[in-house]
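# Report on the structure
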Amino acid sequence: MEWCMSMPKIELHAHLNGSIRDSTVLELARELGEEGAIVFSDVEHVILKNDRALNEVFKLFDLIHIITTDHKTVTRITKEVIEDFAADNVVYLELRTTPKRNHSKGMSKRSYMEAVLEGIRSVNSVEVDLSGKLNTDASTRSHFVDDLCNGTGNKKIYVRVLLSIDRRETAEAAMETVELAIKLKDFGVVGIDLSGNPNVGQWLTFLPALECAKKQGLPITLHCGEVPNPVEIRAMLDFLPKRIGHACCFEDEEWKLLQRLNIPVEICLTSNIRTETIASADVHHFADLYKSNHPLILCTDDCGVFSTSLSAEYALASSAFGLGKSEMYQLAQKAIEFIFASERVKEDLKTIFASALTKLN
Ligand code: 6MZ
């Protein structure tokens, strides 16, 4: 675990509201309890419960959203989540979140995202590269990477944002999210995600918005096959997303299609096991995909809700599938190919990984 922590890592599948510290969720819930908005003793056990089946997880998210949806809190949790990933030696983070409207707090999807971006900018325990626009000249760039590599200066993390469409949303709300992502392209937003309870909503509802995103050059990742639904899985793969998340409930035909299309898979071991989507690590599809050299990325999904970290996911992969240090390093480094940020960031990350190799033992 210590070694996994010392290795630089790339996180490509992390939901903001699933990554909040337990202590913060409890503190915010307690405050709302004192204001009389919720009954704290009713929600405390829901927050602290560790094993939740998939549908129960979405009930927890509804509770978390009640606790977190005002601008100040959104900014605070974003800041803390980035600090936590940086402390775990994540050097590139693609953080995803669902822009939300909340009339009672005067919140629009746009103002929600402004609160998220404010949270990213307010991180001060670690230097953050957010939009790329800030570091366009070559000298700044090399200074940035040099500092990171030689251990001088502060720790640094590249952060990019994906806007999520929730499967409960309408076609219009999905389109609004895509239009917002296009407007925020220069401010660190690099793509679109489709997520939410996989037992809710229809693929065709989201297709027009996703096609619009694709036309505008926004890369897309889809939660795909979290529950058995072969028709939807095939439609999603035919759409040719840049990446997919989970891929838990694929049958032979879908595996063949996935491998033929060579679409990278974001793997979330602890999440899949905790939600009982996969019975245990030793029967997880990671093993077959890894053996067949299919592109995959280890990710946390919801490190707050599932009490994990990216280092813990690597340690779990190591113990469950016998990966040694060199295999783990290669797996972490390979993720560079699948990030949605620019070629310039990929080059920086290659330098960072090469430099780390000389220090890892
Ligand atoms: C599908 C998930 C998820 O967007 O409010 N989310 N969607 N499968 C999962 N596996 C367990 N985990 C999280 O973060 C929370 C939202 O992310 C999605 C759900 O829509 C959840 O409401 P944000 O920041």
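A few points on the structure. (Residues numbered from 1 in each chain as written. Predicted model: local features only at pLDDT ≥ 70, side-chain atom pairs only at ≥ 80, totals over all residues. Heavy atoms only, no water.)

### Here's the deal with empty space enclosed by the protein
Taken as a whole, this structure holds one cavity of 30 Å³ or more when the rule is applied. Estimates place the volume of the largest cavity at around 50 Å³. Contributing to the lining of the largest cavity are Arg167, Pro198, His223, Cys224, Gly225, Glu226, Val227, Asn229 and Glu232. (1 Å grid on protein atoms, 1.4 Å probe; cavity = no way out; pocket = protein on both sides within 12 Å on 5 of 7 lines; lining within 4 Å. Points joined across faces, edges and corners; volume = space filled by probe spheres on them.)

### A short note on the nonpolar core
With 115 residues, the main nonpolar core has Ile192, Leu210 and Leu349 as its most contacted residues. No other element matches the eight residues that helix 4 (residues 54-68) contributes to this core. With near-sequence residues (within four places) excluded, Leu349 lies in contact with Ile10, Val91, Tyr92, Tyr158, Ile336 and Ile339. (Core = buried A, V, L, I, M, F, W, Y, C linked by side-chain atoms within 4.5 Å. Buried < 20%, exposed > 50% of the residue type's maximum accessible area, 1.4 Å probe, protein only. Helix = DSSP H or I, 4+ residues; strand = E, 2+ residues; numbered from the N terminus. Contact = heavy atoms within 4.5 Å.)

### Remarks on the pairing of strand 4 (residues 156-166)
Most of strand 4 sits out of view: 11 of its 11 residues are buried. Residues of strand 4 alternate between two faces, with Lys156, Tyr158, Arg160, Leu162, Ser164 and Asp166 on one and Ile157, Val159, Val161, Leu163 and Ile165 on the opposite face, all of them buried. As paired strands, strand 2 (residues 90-97) and strand 4 are joined by six bridges and run parallel to one another. Note on strand 4: the bridge partner recorded for Tyr92 is Tyr158. With three bridges connecting them, strand 3 (residues 127-129) and strand 4 associate as parallel partners. (Pairing = 2+ DSSP bridges.)

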